[in-house]
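Summary of structural features
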Amino acid sequence: MLDSLNPNWKALLTEEFKKPYFEQLLVFVEQEYSQFKCYPPRNEIFSAFNSCSFEDLKVVILGQDPYHGPNQANGLCFSVSDGMAFPPSLVNIFKELESDLGIPIPIWGNLERWASQGVLLLNATLTVRQSLAGSHQKKGWEIFTDAVIATISSQKEGVVFLLWGTYAQKKGARIDRSKHLVLESGHPSPLSANRGFWFGNQHFSQTNEYLINQGKNPINW
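Attention here is on the structure that accompanies the text. Here the residue numbering is sequential within each chain, running from 1 through the sequence in written order. Reporting of local features is limited, given that this is a predicted model, to residues whose pLDDT is at least 70; pairs of side-chain atoms are given and counted only at 80 or more, and all residues count toward the totals for whole chains, interfaces and linings. Note that water and hydrogens are dropped before the side-chain values are worked out from all heavy atoms of the structure.

Let's talk about the pairing of strand β5 (residues 160-164)
Remark: a regular strand shows side chains that alternate across the two faces of the sheet. Between buried and exposed lies partly exposed: a residue is buried under 20% and exposed over 50% of the maximum accessible area for its type, with that area taken using a 1.4 Å probe on protein chains only. Per the convention used, a helix needs a DSSP run of H or I reaching at least four residues, while a strand needs a run of E reaching at least two, with both numbered from the N terminus. Extensive coverage of β5 is indicated by the burial of five of its five residues. Residues Val160, Leu162 and Trp164 of β5 are buried on one face, and the alternating residues Phe161 and Leu163, pointing to the opposite face, are buried as well. As paired elements, β5 and strand β6 (residues 181-185) share five bridges and run parallel to each other. Residue pairing across strands places leucine 162 opposite leucine 183, the latter belonging to β6. Note on handedness: a clockwise path from strand one over the helix to strand two, with the strands aimed away from the viewer, defines a right-handed crossover. Note that the unit made of β5, helix α8 (residues 166-171) and β6 has a crossover that is right-handed. In this analysis, strands are considered paired if DSSP registers two or more bridges between them.

Concerning the pairing of strand β2 (residues 59-63)
With five of its five residues buried, β2 lies for the most part within the structure. Of the two faces of β2, the one holding Val59, Ile61 and Gly63 and the one holding Val60 and Leu62 are both buried throughout. The sheet contact formed by β2 and strand β3 (residues 119-123) spans five bridges and is parallel. Residue pairing for β3: valine 60 is matched across the bridge by leucine 120. Two elements, β2 and β5, share four bridges in a ladder whose sense is parallel. Paired with isoleucine 61 across the strands is leucine 162, a residue of β5.

Looking at the packing of helix α5 (residues 88-101) against helix α10 (residues 203-213)
Contact pair α5 / α10: the axes reach a minimum separation of 8 Å and the direction vectors enclose 60°. When the axis of α5 is compared with that of α10, the two are oblique. Judged by residue contacts, Ile93, Glu96, Leu97, Asp100 and Leu101 of α5 engage His203, Phe204, Ser205 and Asn208 from α10. Across the contact of α5 with α10, the residue classes tally to four nonpolar, three polar and two charged. An axis is simply a line fitted to the C-alpha atoms; with a helix, the fit covers only the stretch in contact. Between two such axes, the angle follows the N-to-C directions and lies from 0 to 180 degrees. For classification, angles of less than 35 degrees are called roughly parallel, those exceeding 145 degrees roughly antiparallel, those between 65 and 115 degrees roughly perpendicular, and all remaining angles oblique. Residue contacts follow a heavy-atom distance rule, with two residues in contact if any of their heavy atoms lie within 4.5 Å. Throughout, the ten residues Ala, Val, Leu, Ile, Met, Phe, Trp, Tyr, Cys and Pro are labelled nonpolar, Asp, Glu, Lys and Arg are labelled charged, and all others, Gly among them, are labelled polar.

A few points about the layout of surface pockets
The method works on a 1 Å grid over the protein atoms by themselves. A cavity is a set of points holding a 1.4 Å probe that cannot get out, a pocket is an open set with protein on both sides within 12 Å along at least five of seven lines, and residues with an atom within 4 Å of a point line them. Grid points are joined across faces, edges and corners, and a volume is the space filled by probe spheres set on the points. Roughly 410 Å³ of volume is contained in the largest pocket. The wall of the largest pocket is formed by 26 residues, among which Gly63, Gln64, Asp65, Phe78 and His187 lie closest to the centre. Sorting elements by how many residues they give to the lining of the largest pocket places α8 first, with four residues. The residue makeup of the lining of the largest pocket, split by class, is 11 nonpolar, 14 polar and one charged.

Concerning the side chain of threonine 125
As for its position among the elements, threonine 125 is in the loop between β3 and β4 (128-129). On the accessibility criterion, threonine 125 (0% relative accessible area) is buried. Reaching out from threonine 125, the side chain makes a polar contact with the side chain of glutamate 142 at a distance of 3.4 Å. Once residues lying within four places of it in the same chain are set aside, the contact partners of threonine 125 are Gln64, Asp65, Pro66, His136, Gln137, Trp141 and Glu142. Whenever two N or O atoms come within 3.5 Å, that pair is a polar contact, provided that in protein one can donate a hydrogen and the other can accept it, and provided that, for residues adjacent in sequence, both atoms are side-chain atoms.

Re empty space enclosed by the protein
As enumerated under the stated definition, the model contains one cavity of 30 Å³ or more in all. Roughly 30 Å³ of volume is contained in the largest cavity. What lines the largest cavity is simply Pro40, Ile45, Pro66, Gly75, Leu76, Asn123 and Leu126. Of the residues in the lining of the largest cavity, the class split is five nonpolar, two polar and no charged.

A few points about the environment of alanine 73
By secondary structure assignment, the location of alanine 73 is in the loop between β2 and α5. Expressed as a C-alpha distance, the spacing of alanine 73 and isoleucine 45, which sit 28 residues apart in the sequence, is 9.4 Å. If sequence neighbours within four positions are ignored, alanine 73 has contacts with Tyr39, Pro40, Pro41, Glu44, Pro66, Tyr67 and Ser81.

Dropping the structure here:
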């Protein structure tokens, strides 16, 4: 499974891959994919890393679980494959983007266009069994993604972390806020957004303003 991972990320995380928990995680994931329908497709498990190099990384968006419906998940948090209907959270992300920056809601929900500009779209758990939300939680993925966040925090400077919802905010405990910008709000899911905790956060414009002040190119959202 690691053969599909970007070599630069692989080098950065080599020590993590040697730890017992990660070896056990690989065994679990291989068993799940061989016995059940799981998402994202095996070759897209590490798409977040393969679509955003460590060198180009400027923004991190943290999700929780991949979508567990057929043909939705593509390895990037909140993103769906081309041609798929937008899940409710993604609809609200695009609504806030339109309100914040005047960008019309797009035709496709594939966020690869963000990733290619340096946005790491990282789920806390990288895999899931079909129709069973959270089925691959607490198997080791969260430890791994905590290590990824800690690595970014220690080895980069001036990264924007977008933490949407309580779960993402808890994972942000490893971020050095003296070196990076951390923006927090409610989750874009309807339950949170409709209660006033999402809309109006202006995270997209704040991100670009910070990047420009850092001498970096803003994201073309």
